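# Coordinate analysis (summary)
Take a look at the letters that make up each chain.
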Amino acid sequence: DQAGIALNVHAKKDREGHDLMMRMCRPRGWNEDGTPTWWDVPDRIHRLCEYCKQDVRTERDIANLLGRMSESERRVWLLDQLINDRGMMLDRGFVAAAQDLTLAALQRYDVELQGITEGRVCVSKPATMTRWLNEHGMNAEGVAKAHVAAMLERPSSDLVRRVLEIRQESSQSSTAKFDTMLEYCADDGRMHGMLQYHGAHTGRWAGRGVQPQNFPRGTVPEPEWFVPLIERGDLDTIDLLEPPMAVLSSTLRGAMVASPGHRFLAADFAAIEARVVAWLAGEEVLLESYRDGIDVYKQLASRIYGVGIDEVSSKQRFVGKTAILGLGFQMGAKRFRETCLAAGVTAAVQPGGSQRDAEVIAAADERGVCMVFTGVRHFRH
């Protein structure tokens, strides 16, 4: 529909037919015996067929205007079809055990949280935690990841700190991927359709469903060590060593396994998007840094924060990386600010915080993110 409008094709999509199709794909009503009644009268069916024909005409006009893929790009597209059709084998036994452990861990957090708050707060109702925190002097806007990170940097009682820690540990939304994995797993034991060709405006693949490109980095070292414990449901041992939800989040990749008689090989282009954006902008200084093997994220962070490249902290490097990748591909001020806050780069100076962090956020808020990096030519391009 939108492509046809943008290209001003002769055969536009049939909007009236679309509305009819939406009505016809749902039952008209339900009979007393529980069976549906459909809109399957002959004139409506004929009209629906005409709608389908018009869709084909519109698609054909669009295809004729767009032209054919180059031979090299068609090979990439065919590879995409092969990857999605072949799919990825899933260790369903491990995933089921991880689901059970997730429920057990959340129940344990809930028991502790209700004990601390005298039954007033539970894990599944964030609003109750926000109210409780405000009653205990935290001036909480909410309990989203960025808000919790900021509040943990403020002075507070041990009681409040533990409530915030429970929220931080129990709100690992990435563990919901275990449910999605089973939903996407077909009878052949493999997950299909997880990648979309040219899904991002830069031309790269986008993840769908399980979104394998969007797995968390994981905060637990050597997560494979915990796999047998998860399979046994040994929550007590896991809890002694690491936060259980962090362990589960860190083992997501372990749910995908090689087929019998095969093995996984990992390959990646190092900083491919950052290199390409510098090349497109003609940013020779940055390209020369890549050639010399310099950590360009640290290099930019050292300029943003006014420190030596060897003094850049992991949080400061994250800001440098976000600037190069995010701003290089047109991230806006609002999104830049949210990304920084989510990583613990605070908008105000807190105990243990950084004055420069606050200045970076303020510049993003008031003048637009590019103004923070006035010394970096390729962002202005």
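Placed above this text is the structure.
Here goes a summary of the coordinates provided.

Thresholds applied
Residues numbered from 1 in each chain as written. Predicted model: local features only at pLDDT ≥ 70, side-chain atom pairs only at ≥ 80, totals over all residues. Heavy atoms only, no water. Phe/Tyr/Trp six-rings, centres within 6.5 Å; stacked < 30°, edge-to-face > 60°. Helix = DSSP H or I, 4+ residues; strand = E, 2+ residues; numbered from the N terminus. Buried < 20%, exposed > 50% of the residue type's maximum accessible area, 1.4 Å probe, protein only. Lys NZ or Arg CZ within 6 Å of the ring centre and 35° of its normal. Polar contact = N/O pair within 3.5 Å; in protein donor to acceptor, adjacent residues only side chain to side chain. Core = buried A, V, L, I, M, F, W, Y, C linked by side-chain atoms within 4.5 Å. Contact = heavy atoms within 4.5 Å. Axes fitted to C-alpha atoms, helices over the stretch in contact; angles between N-to-C directions. Parallel < 35°, antiparallel > 145°, perpendicular 65-115°, else oblique. Left-handed = near helix turned anticlockwise from the far one by under 90°. Nonpolar A, V, L, I, M, F, W, Y, C, P; charged D, E, K, R; others polar. Patch = residues over 30% accessible without salt bridge, like charges linked within 9 Å, V, L, I, M, F, W, Y side chains within 5 Å. Areas by Shrake-Rupley, 256 points an atom, 1.4 Å probe, with all protein chains shown as cover. Salt bridge = Lys/Arg side-chain N within 4 Å of Asp/Glu carboxyl O. Arc of directions from axis to C-beta.

## Here we look at the packing of aromatic side chains
If you walk through the whole model with that rule in mind, you get two aromatic pairs. Ring plane angle 70 degrees and centroid distance 6.2 Å describe the contact between F94 and F178, whose orientation is recorded as edge-to-face. Pair noted here: F94 is in helix α5 (residues 92-116) and F178 is in helix α9 (residues 177-184), with a separation of 84 residues, a long-range link. Assigned by exposure class, F94 and F178 land together as buried. On the numbers, 5.4 Å between centres and 80 degrees between planes, the contact of W225 with F226 is edge-to-face. For F226, a relative accessible area of 5% corresponds to the buried category. Here R28 stacks its cationic end above the ring of W39, 4.5 Å away from the centre of that ring.

## Looking at the environment of D80
Within the fold, D80 resides in helix α4 (residues 71-86). At 2.8 Å, the side chain of D80 and the side chain of W205 are in polar contact.

## A short note on the nonpolar core
Membership of the largest hydrophobic core comes to 45 residues, with the highest contact counts inside it found for L133, L164, F178, M181, M191 and I230. The dominant element in this core, judged by the number of residues it contributes, is α5, at nine residues. If near-sequence neighbours (up to four positions away) are discounted, M191 is found in contact with G87, M88, L90, M181, Y184, C185, V210 and M256. Within the second largest apolar cluster, 17 residues are counted, among which are A274, Y297, Y305 and L327.

## Quick word on the side chain of T102
When you line up the elements, T102 lands in helix α5. A relative accessible area of 10% places T102 in the buried class.

## Some words on the packing of α5 against helix α8 (residues 158-170)
Helix-helix packing is described using two parameters, namely the angle between the two axes and the distance between the axes. Look at α5 against α8: their axes get within 11 Å of each other, and the N-to-C directions meet at 160 degrees. The orientation of α5 relative to α8 falls into the category roughly antiparallel. Along this stretch, α5 crosses α8, giving a crossing that reads as left-handed. Contacts from L106, Y109, E112, L113 and I116 of α5 reach α8 at L159, R162, V163, I166, E169 and S170. For the contact of α5 with α8, the residue count by class is seven nonpolar, one polar and three charged.

## Some thoughts on the packing of helix α13 (residues 272-280) against helix α16 (residues 314-328)
Closest axis-to-axis distance for the α13/α16 pair is 10 Å, and the angle between their directions is 60 degrees. When the interaxial angle is binned, α13 and α16 end up oblique. Two packed elements cross with a definite hand, and for α13 against α16 that hand is left-handed. In contact with E273, A274 and V277 of α13, α16 contributes I324, L325 and G328. Looking at the contact of α13 with α16 residue by residue, the classes come out as four nonpolar, one polar and one charged.

## A closer look at a nonpolar patch on the surface
Taken together, the side chains of F269, I272, V276, W279 and L280 define a hydrophobic patch exposed on the protein surface, amounting to about 580 Å² of accessible area. One can find V276 in helix α13. Residue V276 is classed as partly exposed on the basis of its relative accessible area of 32%.

## Regarding α9
An α-helix turns once every 3.6 residues. As a result, residues three or four positions apart point the same way. Within α9 the residues assigned to the buried category are K177, F178, T180 and M181. Mapping the buried residues of α9 onto a view down its axis gives an arc of 160 degrees, with all of them on the same face.

## Describing helix α14 (residues 284-291)
Along α14, the residues classified as buried are L286, L287, S289 and Y290. All buried residues of α14 project into a common sector of 155 degrees when viewed along the axis, lining one side. α14 presents V285 and R291 as exposed residues on the side facing more than 90 degrees away from its buried surface. Taken from the residues just after α14, G293 is the one with a positive phi, measuring 75 degrees.

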